[in-house]
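Single-letter residue listing:
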Amino acid sequence: EPEVTQTPSHQVTQMGQEVILRCVPISNHLYFYWYRQILGQKVEFLVSFYNNEISEKSEIFDDQFSVERPDGSNFTLKIRSTKLEDSAMYFCASRRGGSVYNEQFFGPGTRLTVL
Amino acid sequence: DQQVKQNSPSLSVQEGRISILNCDYTNSMFDYFLWYKKYPAEGPTFLISISSIKDKNEDGRFTVFLNKSAKHLSLHIVPSQPGDSAVYFCAALNSNYQLIWGAGTKLIIKP
């Protein structure tokens, strides 16, 4: 069964460093998402991506964040200069085209720890 | 206001009995609701959804009920099984098609 994969499973970085979180969505999916969950808090929408551009982003997704689909398979989230408060689980999700009500499939997440 | 609330952080239910997980929302414009299940070290997995034009949707052991006037939905699992032990998230799709999540309820099924 196809699944969304994410690497690494755990990323530790120093404050101020750049990190890139990687996702491989399901191959025939067209819509891609990043969410984050700070420990003990709700899952929060960050950004959605379609047709090689951002379609929606939340107020969390400021200039420190960027997303890219560098090739036909990867979908990346870059944080340019990490802050302590960026420590969270980051989930990638994808869905096929068609109805917006089609299910989003989630990856296992990357735990980001900023020291 | 786009809040989705799950007021019970945890729930413990005997195996074989019914589990009822509750969710409230504040935005009457939400028209599509979803339940996700999450095991430790895994991403959320879609469980069941309901459109605001319905008041009930059933899939096997899982039934979601929607009470629009009360802005309340619930997930019923019957009979509960040990494999149902997980964190359950309620979510709503907003007008920008973003998922707005509740805080989750940890369900523990006791043998």
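Up top is the structure.
Asks: What's the story with the overall build of chain B in this structure? I'm lost.
Replies: The number of helices and strands found in chain B is zero helices and eleven strands. Against the globule reference of 13 Å for 111 residues, chain B gives a C-alpha radius of gyration of 13 Å, in line with a compact fold. Each principal axis of the C-alpha atoms in chain B carries an extent, and together these give about 40 × 30 × 20 Å. Burial status across chain B gives 46% buried among its 111 residues. Considering only contacts in chain B between residues 6 or more positions apart, those separated by 24 or more positions represent 53%. Accessible surface, chain B as shown: approximately 5,400 Å² in total, 50% of it carbon and sulfur. Between the centroid of the 11 positive side chains of chain B and the centroid of its 9 negative side chains there is a distance of 4 Å.

Asks: Sorry, what's going on with the state of the cysteines here?
Replies: Linking two cysteines covalently through their sulfur atoms gives a disulfide. Residue and element names in this part refer to chain B. Enumeration according to the criterion identifies two disulfides over all chains in this entry. What pairs with Cys23 in a disulfide is Cys90, and their sulfur atoms sit 2.0 Å apart. Sign of the S-S torsion, about -70 degrees for the bond between Cys23 and Cys90, identifies this disulfide as left-handed. Of this pair, Cys23 sits in strand β3 (residues 19-25) while Cys90 sits in strand β9 (residues 86-93), placing them 67 residues apart in sequence. Each member of the pair Cys23 and Cys90 is classed as buried.

Asks: Is there a simple way to explain the nonpolar core in this structure?
Replies: Looking at soluble globular proteins, one finds that nonpolar side chains tend to be buried together. Core analysis: the largest hydrophobic core is formed by 24 residues, its most contacted members being Phe33, Trp35, Leu73, Leu75 and Tyr88 of chain B. Elements that contribute at least two residues to this core include exactly β3, β4 (32-38), β5 (45-51), β7 (62-67), β8 (72-77), β9 and β11 (105-110) of chain B. The dominant element in this core, judged by the number of residues it contributes, is β9 of chain B, at four residues. Leaving out residues up to four positions away in the same chain, Tyr88 of chain B has contacts with Gln6, Leu21, Trp35, Tyr36, Lys37, Leu47, Leu75, Ile77, Gly104, Thr105 and Leu107 of chain B. Core analysis: the next-biggest nonpolar cluster, separate from the first, contains 23 residues, Ile26, Ile60, Phe75 and Ala88 of chain A among them.

Rules used throughout
- Residues numbered from 1 in each chain as written.
- Chains lettered and ligands numbered in written order.
- Predicted model: local features only at pLDDT ≥ 70, side-chain atom pairs only at ≥ 80, totals over all residues.
- Heavy atoms only, no water.
- Helix = DSSP H or I, 4+ residues; strand = E, 2+ residues; numbered from the N terminus.
- Rg over C-alpha atoms; globule rule 2.2 N^0.38 Å.
- Buried < 20%, exposed > 50% of the residue type's maximum accessible area, 1.4 Å probe, protein only.
- Contact = heavy atoms within 4.5 Å.
- Areas by Shrake-Rupley, 256 points an atom, 1.4 Å probe, with all protein chains shown as cover.
- Lys, Arg positive; Asp, Glu negative; His and termini not counted.
- Charge placed at Lys NZ, Arg CZ, Asp CG, Glu CD.
- Disulfide = S-S within 2.5 Å.
- Core = buried A, V, L, I, M, F, W, Y, C linked by side-chain atoms within 4.5 Å.

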